[in-house]
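Chain and residue survey
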Amino acid sequence: MTLPATNILTSDSLGDQDSIPAKSGNCGCDSSTTPEMDEKLRERIAKHPCYSEEAHHHYARMHVAVAPACNIQCNYCNRKYDCANESRPGVVSELLTPEEAAHKVLVIAGKIPQMTVLGVAGPGDPLANPEKTFRTFELIADKAPDIKLCLSTNGLMLTEYIDRIKQLNIDHVTITLNTIDPEIGAQIYSWVHYKRKRYRGVEGAKILLEKQLEGLQALKEADILCKVNSVMIPGINDKHLVEVNQAIRERGAFLHNIMPLISAPEHGTHFGLTGQRGPTGKELKEVQDNCSGNMKMMRHCRQCRADAVGLLGEDRSQEFTKDKFLEMTPEYNFETRQEVHEGIEKFREEIKAAKDKVLTGKKSTNNLKILVAVATKGGGLVNQHFGHAKEFQVYEVDGNEVRFVSHRKIDQYCQGGYSEAATADNIMKAIADCKAVLVSKIGNCPKEQLEAAGIKAVEAYDVIEKVALEFYEQYVQVNG
Ligand code: CLF
Ligand code: SF4
């Protein structure tokens, strides 16, 4: 199965954090990259919230649900819902025509100018609906040329449409590739429909996996950035994902996003009904860590909806349901958007300078690593009230570095006095492995509850890395 490794531009050439200067890969894969090439690559991802962890604090994406059909059956998918390859299972989006989708994009581009990426990710497979998918992209490319186009597919039809993808200047493509072994594939896919015929078991999986790897190769040759999503399914492909990671890196994938299987029985999927469990947060992190020596791992994915709108951690889709956005007049304005982006870039530089100031010259000999939970509304800042947070971003701190590792969804603490005690218990469980929670404000009651559970509540309004390091230094003085 293994094709020869080729000379490629991978995320490794950008360093482990996308804001860090380029370095050479150990294996020499990126030895041909020059600072100019790295700079170009950095520019291509700078405003894409999925391809750049740092960008996801500042820029938003949106999806339009224009693609209902699918050509395979994944065992973690129920067709009543959106494509689980790039979406949270159990969510149903309103289907749009390409013209409605274009109207929606132009409305949102005016209302949320930091929205820089339009993705088509379902509700089925975009390339099983080529006319609707490409028509949507054409309309956007024509009317809103500053919006990046992004496509997510199971990969079966990728090689057939690679020229069209290139022509339309779609620079970011995701393939969901869960295995490179057809025997494992047979446990994940119940059938594959290819060239008017339905294939089952190993035979179907073999066709799909070969097409996925060919698709990845074709993207590399066309110089299109490819992210690979892999759904982690304990007992089926969990041990095999390091091999998948190696294979996709050799074929030029830019980024690897290992996502947890979500298999609630009420979603009615094969895995949900047969009791197949998803991984724990710890199991997921272990696999991501095992792969991270090979290439850059995406850890900030929110498994969003096929009609998602907003920053990755927020969901504004309900503000733009079909009945609402069809009543709105598009106010897309290229110049206004550029001005907003310039403002964001200036702010990013300030944040970066502040980060560099606290991190430069740090040479802690302390090996202690701790986790801290951060309440943030974006911008790279600790800037959210404890009671308003619907998720915490979790960072690992070791005295020299502050590294984003995951996010944890929680129920919002402030719910008008309802069941705050029960909510507090759930929040405590979600961040039990963290030593501190960094928030802009917190009330006395939750503060005491957290501290009784051994989690320090730190109030600040500042750059995340700065607050995290200051807490770390205090923590090691007492516990180091
Ligand atoms: Fe959408 Fe996907 Fe493009 Fe991003 S999402 S098509 S690459 S614009 Fe992003 Fe959402 Fe995770 Fe996807 S957080 S599910 S990785
Ligand atoms: Fe479902 Fe997406 Fe898999 Fe198709 S590719 S079966 S829509 S998860």
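What comes next concerns the included structure. (Residues numbered from 1 in each chain as written. Chains lettered and ligands numbered in written order. Predicted model: local features only at pLDDT ≥ 70, side-chain atom pairs only at ≥ 80, totals over all residues. Heavy atoms only, no water.)

Looking at the site of ligand 2
- Taken together, 13 residues form the shell around ligand 2, and within it Cys 70, Cys 74, Cys 77, Cys 83 and Asn 85 come nearest.
- Among the residues forming the shell around ligand 2, the class breakdown is eight nonpolar, four polar and one charged. (Near = heavy atom within 4 Å. Nonpolar A, V, L, I, M, F, W, Y, C, P; charged D, E, K, R; others polar.)

Describing empty space enclosed by the protein
- Under the defined criterion, the tally for this structure stands at five cavities of 30 Å³ or more.
- Its boundaries defined by the atoms lining it, the second largest cavity holds a volume of some 90 Å³.
- Looking at the second largest cavity, it is lined by 15 residues, and the ones nearest its centre are Cys 50, His 63, Glu 86, Gly 119 and Cys 150.
- Only strand S1 (60–63), strand S3 (115–120) and strand S4 (148–153) provide two or more residues apiece to the lining of the second largest cavity.
- In the lining of the second largest cavity, the residues fall into seven nonpolar, five polar and three charged. (1 Å grid on protein atoms, 1.4 Å probe; cavity = no way out; pocket = protein on both sides within 12 Å on 5 of 7 lines; lining within 4 Å. Points joined across faces, edges and corners; volume = space filled by probe spheres on them. Helix = DSSP H or I, 4+ residues; strand = E, 2+ residues; numbered from the N terminus.)

A few points about the layout of surface pockets
- Looking at the largest pocket, its volume works out to about 860 Å³.
- Taken together, 27 residues line the largest pocket, and the ones lying closest to its centre are Pro 260, Gly 281, Leu 284, His 407 and Arg 408.
- At the level of elements, strand S9 (255–260), helix H9 (281–291) and strand S14 (402–409) are the ones that each hand at least two residues to the lining of the largest pocket.
- In terms of residues, the lining of the largest pocket owes the most to one element, H9, which gives six residues.
- Taken together, the residues of the lining of the largest pocket break down into eleven nonpolar, seven polar and nine charged.

Some words on the site of ligand 1
- Residues in contact with ligand 1 amount to 16 residues; listed here are only the nearest, His 63, Glu 86, Cys 150, Cys 301 and Cys 304.
- Residues belonging to the shell around ligand 1 are distributed by class as follows: seven nonpolar, five polar and four charged.

Here's the deal with the sheet that holds strand S15 (residues 436–439)
- Read from one edge of the open sheet, five strands run S14-S13-S11-S15-S16, paired in mixed fashion. If you trace the sheet from one side to the other, it starts and ends with S14 and strand S16 (456–459), each paired once. Neighbour-to-neighbour, the strand axes of this sheet turn through a mean angle of 25°, independent of strand direction.
- With seven bridges joining them, strand S13 (residues 391–397) and S14 adopt antiparallel strand pairing. The partner of Phe 392 across the bridge, within S14, is Arg 408.
- On the sheet, helix H14 (residues 464–479) packs against strand S11 (370–374), S13, S14, S15 and S16 and is oriented at approximately 135° with respect to S11. (Pairing = 2+ DSSP bridges. Axes fitted to C-alpha atoms, helices over the stretch in contact; angles between N-to-C directions. Contact = heavy atoms within 4.5 Å.)

Points about unusual backbone geometry
- In this structure, the amide linkage connecting Gly 122 to the following residue, Pro 123, adopts the cis form with an omega of 10°.
- One non-glycine residue with positive phi stands out, namely Asn 169, at about 65°.
- Along the chain, the position of Asn 169 falls in the loop between helix H4 (158–167) and strand S5 (172–176).
- Of the residues examined, Asn 169 reaches a relative accessible area of 60% and is grouped as exposed. (Buried < 20%, exposed > 50% of the residue type's maximum accessible area, 1.4 Å probe, protein only.)

Considerations on the side chain of His 300
- Structurally, the position occupied by His 300 is in the loop between H9 and strand S10 (309–310).
- Here Pro 49 takes part through its backbone oxygen, which lies 2.8 Å from a polar atom of the side chain of His 300.
- Among the polar contacts listed, one links the side chain of His 300 to the backbone oxygen of Cys 50, at a separation of 3.3 Å.
- Other than its neighbours up to four places away in sequence, His 300 contacts Pro 49, Cys 50, Ser 52, Glu 53, His 56, Leu 312 and Phe 404. (Polar contact = N/O pair within 3.5 Å; in protein donor to acceptor, adjacent residues only side chain to side chain.)

Things to note about the pattern of salt bridges
- By the definition in use, this model includes 31 salt bridges.
- Between Arg 348 and Glu 54 there is a salt bridge; the shortest N-O distance is 2.5 Å. Linking Arg 348 in helix H11 (residues 334–359) with Glu 54 in the loop between helix H1 (35–45) and S1, this pair joins segments that are 294 residues apart in sequence. By the burial criterion, Arg 348 is buried, and Glu 54 matches it.
- Salt-bridge contacts for Asp 289 lead to Arg 299; the nearest nitrogen and oxygen are separated by 2.9 Å. Of this pair, Asp 289 sits in helix H9 while Arg 299 sits in the loop between H9 and S10; the two residues are ten residues apart in sequence, bridging distant segments of the chain.
- One salt-bridge network, held together by shared partners, links Glu 99, Glu 131, Arg 135, Glu 138 and Arg 164. (Salt bridge = Lys/Arg side-chain N within 4 Å of Asp/Glu carboxyl O.)

Thoughts on the environment of His 385
- Mapped onto the elements, His 385 comes out in the loop between strand S12 (381–382) and S13.
- For the pair His 385 and Gly 443, spaced 58 residues apart in the sequence, the C-alpha separation amounts to 9.1 Å.
- With near-sequence residues (within four places) excluded, His 385 lies in contact with Ser 440, Lys 441 and Ile 442.
- Within the structure, the side chain of His 385 is placed 2.9 Å from the backbone nitrogen of Gly 387, a separation counted as a polar contact.

A short note on helix H7 (residues 241–250)
- Counting buried positions along H7 yields seven of ten residues, so the element is predominantly enclosed.
- The set of residues buried in H7 consists of Leu 241, Val 244, Asn 245, Ala 247, Ile 248, Arg 249 and Glu 250.
- Taken together, the buried residues of H7 touch helix H6 (201–221), strand S8 (225–232), S9 and H9.
- Downstream of H7 by one or two residues, Gly 252 has phi in the positive range, about 95°.

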